[in-house]
Amino acid sequence: LAKVLRRKKLAIGCETRISRYNSSKLKVVISKSTNPYLNLSLEKYLLEDVYDPADKLIYFYKNQASVIMGRYQIPWREINAPNMNNSINMVRRESGGGCVFTDEHNTCVTIFTKKHLPSENIQFMLRSLKDAYGIDVVTNERHDIYLDDGKVSGSAFRILGLNKQCYHHMTLLRDSNLEFITDILKNRKDNIVSKATCSKRTKITNLKKFIPEITHTSLVDTISNQYIKENLGFDASIQEYSDQLMLSIPKVKDNYEKFQTWDWLYGKTPQFEVVTSGFIKHDNQQAELSLNITIKHGTIMGIDIVCNQIPTINIIAQKLIGFKYSKSEFETLVYTVDNSPEWNIFCDWLLENVNLV
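What counts, and at which threshold
- Every chain begins its residue count from 1, and numbering advances along the sequence as written.
- Predicted model: local features are reported for residues with pLDDT of at least 70 only, side-chain atom pairs are reported and counted for 80 or more only, and whole-chain, interface and lining totals are derived from all residues.
- Think of the side-chain values as coming from all heavy atoms in the structure, minus any hydrogens and water.
- Only buried residues count toward a nonpolar core, which is a set of Ala, Val, Leu, Ile, Met, Phe, Trp, Tyr and Cys residues joined through side-chain atoms within 4.5 Å.
- Buried means the residue's accessible area, taken with a 1.4 Å probe over protein chains only, is under 20% of the maximum for its type, while exposed means over 50%, and partly exposed covers the values in between.
- Strands here are runs of E lasting at least two residues and helices are runs of H or I lasting at least four, both read from the DSSP assignment and numbered beginning at the N terminus.
- Whether two residues touch is decided by their heavy atoms; if any such pair falls within 4.5 Å, the residues are in contact.
- Being paired, for any two strands, means DSSP has found at least two bridges between them.
- Every axis corresponds to a line fitted to the C-alpha atoms, with the helix fit spanning only the stretch in contact, and the corresponding angles, defined between N-to-C directions, vary from 0 to 180 degrees.
- Within 6.5 Å between ring centres, the rings of Phe, Tyr and Trp (the latter by its six-membered ring) count as paired, and their orientation is classed by plane angle as stacked under 30 degrees, edge-to-face over 60, tilted in between.
- The rule for a charge over a ring is simple: NZ of Lys or CZ of Arg within 6 Å of the ring centre, and within 35 degrees of the ring normal.

A. Molecular detail of the nonpolar core. In terms of nonpolar packing, the biggest core is built from 70 residues, with Leu42, Ile293, Leu320, Tyr325, Phe346 and Leu350 touching the most fellow members. Counting residues per element, this core draws most heavily on helix α1 (residues 36-50), which supplies seven residues. Apart from the residues within four sequence positions on either side, phenylalanine 346 is in contact with Ile280, Ile303, Ile305, Ile313, Ala317 and Leu320. Counting residues in hydrophobic clusters, the runner-up holds 30 residues, among them Leu26, Ile211, Ile214 and Ile228.

Okay, structure coming up:
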């Protein structure tokens, strides 16, 4: 539908008009950015400042390689830290739910609604995929999308309040490296105790396995055309946002900066405890110890160590209180606190035995 219409420049960006039926509007918003912090900032802005519950709004984007946690998750539990590198973004979104890996081989879709309507949204997505590609996609009670026993998308939500507008976003696996995703999200440390949201691992699959010709653009066209077709009574338009345009919007820019801060990425982590045990070098022997660290807002608030062979180690360890529970913090600041061999040996042991990111 959109392809036959000319584009014209508007103050808000590039827009294609589809129809003019009444005052109710339907907006298809497409981000041209692959920056996850910008894309999530625009999503927040659309929900809080653009979306009118009387209208229809759907948003599409794709990200650079990123691990994206839910709002109430613990990064040290969700991420396989040794496999993270500087080319992978660490992101915390505002919606709840589990941790996902996204890159440019994924297509992210966000549907805005006047109230929480997850079943309606997911049924729309199933119709879009079935009608266009003839594939047998199904869903479950968690509103995930499955194809041939493999998960191709999960669901997460943000609701502004009871019976108020919300968004429902999904991440469709098109042609991702499934082995890499499994590895990067496989946290081998099973020593974190918390009531925070924990991701549920499951078998995943790519749409491209069943639809060889699929691309990000074709998938966006498929879903947006279905959205317009099912809402013909609305005055429809397509709006594209570039990086430059997004950064020109003060609220988007502010949240873009906020979403990259340590206070947001780690400081918003729910309280948790690290409970572990092992052996530490002492007088050319291996001394057994047990460790319990309490972390709140990403900062060490308490620590308790039991080690019969080194009875003073618990006193030494109290110097960690107030430090950020961070690999970079340990590798720089922590080693300057004390120059004693016992302290250095203890810090080395921590770096090897806890999942710091």
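Read on for the rest.
B. Representation of the sheet that holds strand β18 (residues 299-306) in the model. Spatial strand order, β14-β16-β17-β18: four strands in an open sheet with antiparallel pairing. Two strands in the sheet have a free side with no partner beyond their single neighbour: β14 (192-193) and β18. Sheet contacts for helix α11 (residues 341-353): β16 (272-282), β17 (285-296) and β18; angle to β16, the most-contacted strand, approximately 125°.

C. Just the packing of aromatic side chains, in detail. For the coordinates displayed, the defined rule picks out twelve aromatic pairs. Between phenylalanine 101 and phenylalanine 180 the ring centres are 5.3 Å apart and the planes differ by 75°, which places this aromatic pair in the edge-to-face class. A residue pair is termed long-range when its members are at least 10 positions apart, and phenylalanine 101 in strand β7 (residues 100-102) and phenylalanine 180 in helix α4 (residues 178-184) qualify at 79 residues. Classification of phenylalanine 101 as buried rests on a relative accessible area of 5%. Cluster of aromatic residues (ring-pair linked, three or more members): Trp76, Trp262, Tyr266, Phe272 and Tyr325. Stacked on the ring of tryptophan 343, the Lys or Arg lysine 319 has its end atom at 5.9 Å from the ring centre. When the ring centre of tryptophan 262 is taken as reference, the NZ or CZ atom of lysine 324 above it lies at 4.5 Å.

D. How the structure looks around the sheet that holds strand β10 (residues 145-147). Strand order across the open sheet formed by three strands is β9-β10-β11, with antiparallel pairing between neighbours. The sheet is open, and its two edges are formed by β9 (137-139) and β11 (150-153), each paired on a single side. The mean angle between the axes of side-by-side strands here comes to 40°, regardless of whether they run parallel or antiparallel. Examined bridge by bridge, β9 and β10 share three bridges and lie antiparallel to one another. Residue pairing across strands places valine 137 opposite leucine 147, the latter belonging to β10. Of the strands in this sheet, β9 and β10 are in contact with helix α3 (residues 118-133), which crosses β9 at around 170°.

E. Unusual backbone geometry, seen in detail. If you check the backbone angles, histidine 143 has positive phi at about 65° while not being a glycine. Checked against the element boundaries, histidine 143 lands in the loop between β9 and β10. The buried category is assigned to histidine 143, whose relative accessible area is 15%. The residue asparagine 284 is not glycine, and still its phi comes out positive at about 60°. The exposure class assigned to asparagine 284 is exposed, which follows from its relative accessible area of 73%.

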